[in-house]
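# Observations on chain architecture
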Amino acid sequence: MIFFDRVSKVYPDSSVALENVTFSIEPKEFVSVVGQSGAGKTTLLKMFLAEEKPTEGTVFYESTDVHKLKKQDINDFRRKIGMIFQDFRLLPDRTVYENIAFTMEAAGRPEDEIDSDVPHVLELVDLASKAWNFPKELSGGEKQRVAIARALVNQPDIIIADEPTGNLDPVNTADIVHILKKINDLGTTVILTTHNKGIIDSLGKRVIVMDRGKIIRDDKEGKYFI
Amino acid sequence: MFWTNLKRIIRTGIYNFRRNTTVSLASVLIMTVTLLVIGFLLFGSAVLNTSLAELRNKVDVNVTFISTAEEADILALKHSLESLPEVSLVSYVSRDQALEDFKARHANDQSILAALDELNSNPLGAILNVKAKDPSQYQGVADFLSSKNILSKAGVPIVDHVNFYQNKTAIDKLSRIIDASHRLGFGIALAFTIISLLIALNTLRLTIYMAKDEIAVMRLVGASTAYIQGPFIVVGIIYGMVAGLLTLVILLPITYWLGGVTENFFIGLNLFSYYIKHLFEIFLIIVGSGVLLGAVSSLFAIRRYLKV
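The model shown is predicted, which means the values in this text are computed figures rather than measured ones. (Residues numbered from 1 in each chain as written. Chains lettered and ligands numbered in written order. Predicted model: local features only at pLDDT ≥ 70, side-chain atom pairs only at ≥ 80, totals over all residues. Heavy atoms only, no water.)

## Here's the deal with the overall build of chain A
Going by this rule: The way it works is that DSSP assigns letters per residue, a run of H or I at least four long becomes a helix, a run of E at least two long becomes a strand, and they are numbered from the N terminus. The size measure is the radius of gyration over C-alpha atoms, and the globule rule it meets is 2.2 Å times the number of residues to the 0.38 power. Three exposure classes are used, based on accessible area relative to the maximum for each residue type with a 1.4 Å probe and protein chains only: buried under 20%, partly exposed in between, and exposed over 50%. Method for areas: the Shrake-Rupley scheme with a 1.4 Å probe, in which residue coverage is limited to the protein chains shown. Within this scheme the basic residues Lys and Arg register as positive and the acidic residues Asp and Glu register as negative, but His and the chain ends are omitted. Working definition for charges: the position is that of NZ of Lys, CZ of Arg, CG of Asp or CD of Glu.
Looking only at helices and strands, chain A has seven helices and ten strands in total. Against the globule reference of 17 Å for 226 residues, chain A gives a C-alpha radius of gyration of 17 Å, in line with a compact fold. A principal-axis box enclosing the C-alpha atoms of chain A has dimensions of 45 × 40 × 35 Å. Out of the 226 residues belonging to chain A, those deemed buried represent 54%. On chain A, roughly 10,200 Å² of surface is accessible, and the fraction owed to carbon and sulfur atoms is 49%. Each charge sign in chain A was given a centre, from 30 positive and 36 negative side chains, and these centres are 4 Å apart.

## A look at the nonpolar core
Note the following rule: The definition of a nonpolar core used throughout is a set of buried Ala, Val, Leu, Ile, Met, Phe, Trp, Tyr and Cys residues joined through side-chain atoms within 4.5 Å.
Ranked by size, the top nonpolar core spans 42 residues in total, and within it Phe 102 of chain A together with Ile 208, Ile 215, Ala 223, Ile 228, Tyr 239 and Ile 302 of chain B carry the most contacts. Among the elements of the structure, helix H3 (96-106) of chain A together with helix H1 (2-19), helix H2 (21-58), helix H7 (164-209), helix H8 (212-220), helix H9 (225-265), helix H10 (271-277) and helix H11 (279-303) of chain B are those that each provide at least two residues to this core. Tallying contributions element by element places H9 of chain B first for this core, with ten residues. Residues Ile 114, Leu 127, Val 177 and Ile 179 of chain A belong to the second largest nonpolar core, which totals 36 residues.

## Concerning the sheet that holds strand E10 (residues 214-219) of chain A
Residue and element names in this part refer to chain A. Here is the rule we go by: Strand pairing is assigned whenever DSSP detects at least two bridges linking the two strands. Axes here mean lines fitted to C-alpha atoms, for a helix over just the part in contact, with angles spanning 0 to 180 degrees between N-to-C directions. Between two residues, a contact is recorded if the distance between any of their heavy atoms is within 4.5 Å.
Spatial ordering of the open sheet is given by E6-E7-E8-E3-E9-E10, a layout of six strands whose pairing is mixed. Of all strands in the sheet, those with a lone pairing partner are strand E6 (81-85) and E10, marking the two edges. Sheet twist, expressed as the mean angle between neighbouring strand axes with direction ignored, is 15°. Of the strand pairs in this sheet, strand E3 (residues 30-34) and strand E9 (residues 206-211) are connected by four bridges, and their pairing is parallel. The residue of E9 that forms the bridge with Ser 32 is Val 207. Helix H5 (residues 140-152) rests against E6 and strand E7 (158-162) of the sheet, and its axis sits at about 170° to E6.

## A few points about the packing of aromatic side chains
Geometrically, a pair of aromatic rings is defined through the distance of the ring centres and the angle of the planes. Our working rule: Any pair of Phe, Tyr and Trp rings, taking the six-membered ring for Trp, is counted once the centres come within 6.5 Å. Such a pair is stacked with planes under 30 degrees apart, edge-to-face with planes over 60 apart, and tilted for the rest.
As enumerated under the stated definition, the model contains 13 aromatic pairs over all chains in all. Note on Tyr 97 of chain A and Trp 132 of chain A: the rings are 4.7 Å apart at their centroids and 20° apart in plane angle, and the pair reads as stacked. Here the residue Tyr 97 of chain A occupies a position in helix H3, and Trp 132 of chain A occupies one in the loop between helix H4 (111-124) and H5, the gap between them amounting to 35 residues. In this structure Tyr 97 of chain A comes out as buried when scored by relative accessible area, which is 15%. An angle of 85° between the planes, with centres 5.1 Å apart, marks the rings of Tyr 256 of chain B and Phe 272 of chain B as edge-to-face. Remark: Phe 272 of chain B occurs in helix H10 and Tyr 256 of chain B occurs in helix H9; sequence separation between them is 16 residues.

## Overview of the domain arrangement of chain B
For clarity, the threshold we go by: As used throughout, domain bounds are those supplied by an automatic or database domain assignment.
Split by domain assignment, chain B resolves into domain 1 (2-55 + 175-304) and domain 2 (67-157). With centres defined by C-alpha atoms, the gap from domain 1 of chain B to domain 2 of chain B works out at 53 Å.

## As for the sheet that holds strand E1 (residues 2-10) of chain A
Within a sheet, each strand pairs with its neighbour through backbone hydrogen bonds, oriented either parallel or antiparallel. Residue and element names in this part refer to chain A. Strand order in the open sheet made by the four strands is E2-E1-E4-E5, with antiparallel pairing throughout. Looking at strand neighbours, the two that pair on one side only are strand E2 (16-25) and strand E5 (64-65), the edges of this open sheet. Sheet topology note: the E1/E2 ladder contains six bridges and is antiparallel. Across the sheet, Phe 3 pairs through a bridge with Ser 24, a residue of E2.

## A look at the side chain of Thr 64 of chain B
All names here are of chain B. Checked against the element boundaries, Thr 64 lands in strand E1 (residues 61-65). Note on Thr 64: relative accessible area 14%, which makes it buried. Once residues within four sequence positions are removed from consideration, Thr 64 is found in contact with Ala 126, Ile 127, Val 159, Asp 160 and His 161.

## Some points on the interface of chain B and chain A
Filter applied, for reference: Buried area counts how much accessible surface, traced with a 1.4 Å probe, disappears from two parts once they are put together, with both parts' losses summed. In the sections that follow, a salt bridge refers to a side-chain nitrogen of Lys or Arg positioned within 4 Å of a carboxyl oxygen of Asp or Glu. In protein, a polar contact means a hydrogen-donor-capable atom and an acceptor-capable atom, both N or O and within 3.5 Å, with residues adjacent in sequence counting only if both atoms are side-chain atoms; elsewhere, any N or O pair within 3.5 Å suffices.
Listed as interface residues are 25 residues of chain B and, on the opposing side, 26 residues of chain A. Together chain B and chain A conceal approximately 2,200 Å² of surface at their shared face, both sides included; 52% is due to carbon and sulfur atoms. The largest contributions to the chain B side of the interface with chain A come from Arg 19, Leu 220 and Val 221 of chain B, which together make up 28% of the buried area. Viewed at the interface, chain A and chain B are joined by three salt bridges. Salt-bridge contacts for Arg 8 of chain B lead to Glu 111 of chain A; the nearest nitrogen and oxygen are separated by 2.9 Å. For the pair chain B and chain A, the number of links is nine residue pairs in polar contact (both at pLDDT 80 or more). For the side of chain B that touches chain A, the secondary-structure elements that each account for two or more residues are H1, H8 and H9 of chain B. Ranked by residue count, the leading element in the side of chain B that touches chain A is H1 of chain B, at nine residues.

## Here we look at a negative patch on the surface
All names here are of chain A. We apply this condition: Like-charged residues within 9 Å of one another, or nonpolar side chains (Val, Leu, Ile, Met, Phe, Trp, Tyr) within 5 Å, are grouped into patches, provided each residue has over 30% relative accessible area and no salt bridge.
Among the surface-exposed residues, Glu 123, Asp 126, Asp 169 and Asp 175 lie close enough to one another that they form a single negatively charged patch. Checked against the element boundaries, Asp 126 lands in the loop between H4 and H5. Look at Asp 126 and you get exposed, because its relative accessible area is 61%.

## Structural notes on the environment of Leu 124 of chain B
All names here are of chain B. Tracing the backbone shows Leu 124 in the loop between helix H5 (110-119) and strand E3 (127-132). Expressed as a C-alpha distance, the spacing of Leu 124 and Val 23, which sit 101 residues apart in the sequence, is 75 Å. Apart from residues no more than four positions distant in its own chain, Leu 124 is found in contact with Ser 67, Arg 95, Ala 98, Leu 99 and Phe 102.

## With respect to the environment of Ile 148 of chain A
Residue and element names in this part refer to chain A. By secondary structure assignment, the location of Ile 148 is in helix H5. You can call Ile 148 buried: its relative accessible area is 0%. Sequence separation between Ile 148 and Ala 161 is 13 residues, and the spatial gap between their C-alpha atoms is 8.8 Å. When neighbours within four sequence positions are excluded, Ile 148 is seen to be in contact with Ile 84, Val 125, Ile 176, Ile 179 and Ile 183.

Now the structure itself:
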């Protein structure tokens, strides 16, 4: 489903963010990518989302080289992926409802689908009562649940969660991980980057360990180990 | 889908305008200043044009005929002058009328009136008063008259004198002043317009810079360029419309206050009356400039943040 073929990324200042990275991810997998800050986890995700181009190598989604997609095709491709960020990145001037509806509108979904799907996905993350609140009126955990709802609402093939629990307390962290597992159980591929040892150890899923731009371990049922 | 997207873009633009009260207010005020400059330039141009037109009107050339010249010959010359492309108006002052005018001008000067009475006849010749379309064209009219000077009765020229040659220096100077005023007015208008456009563009760039993270998120959820740009352009248009209307309201008391002053100083042009009379055109220019400025500035300002 996703295949990184000998991908390297060297920035103009000669710093190496990725070096000859090769791995694949199958549909419905739950893969955690761990590593210290600067190990190349975020660059890896940016490569996949076509936010940045690799210096060498190719990134495939199914049989498509994502860096050869045209602008409109990149938009269509990104709609198949749900993104969750550490800093939530909600649209501050829109309500919870509007933040989620925006993703559906951007995908060109009709109003009646938006009217039925947004409340449904808000129920799923237990935020139905906060539908008309603005992000600044929510706690960190609630904001992250909105971000998850936004990522989920277009029923993506893949959810990418980049350090989603980095700003959360242990209770909210457990909540978010529980939701991500549930999403994966329902058949969506999940790629999670994290520093949190507890999360990795409790998941018992595949773990890719990165260090200085290289993959140094790739375990089917790994533990947090650097 | 197009209409659904358009509806969503307009709705989002209106929400963004209403929700970012401080940013909207600041942007509207800056744009109002820009549009006020454009408004003042419009009025400045009206004042300049009226003054220059009035000055042009004051310039004329008098062709004075000898007292024995036949009226029919003078009228024939008048007809020839009227057919010249550079001439806008020729008026005939008969000898009797010239005498009346002379007497009226010197009504308080008894010695001149007494001297006139002693002559027993009218010493004044008839006059053709010639107005050219532009002061620079009087030379052409004068040249025409010199060639027509041969028009005579029994070898005696009927034209006594043409006052163009006495007024030539003043007329030339006025032509140059009018030309220079036009060029200067255009230069100042251009400079002010560019400065105010840059200020408005930078203000909108700043508001869009503040939203750059949001734009990146929109990109990452797969929103198309048009769908991201649209609401910002709508907000820019709303800024322009509101600023345009505000400018029209602000101009009311300003022109009212300036109306009397300009009426006395600039040959009867009352700015307030001019404003009311041309309200519809000024509305179109000011609000149209605002809308265009808002839309184009937003379009340019957002482009650099759409590269993700």
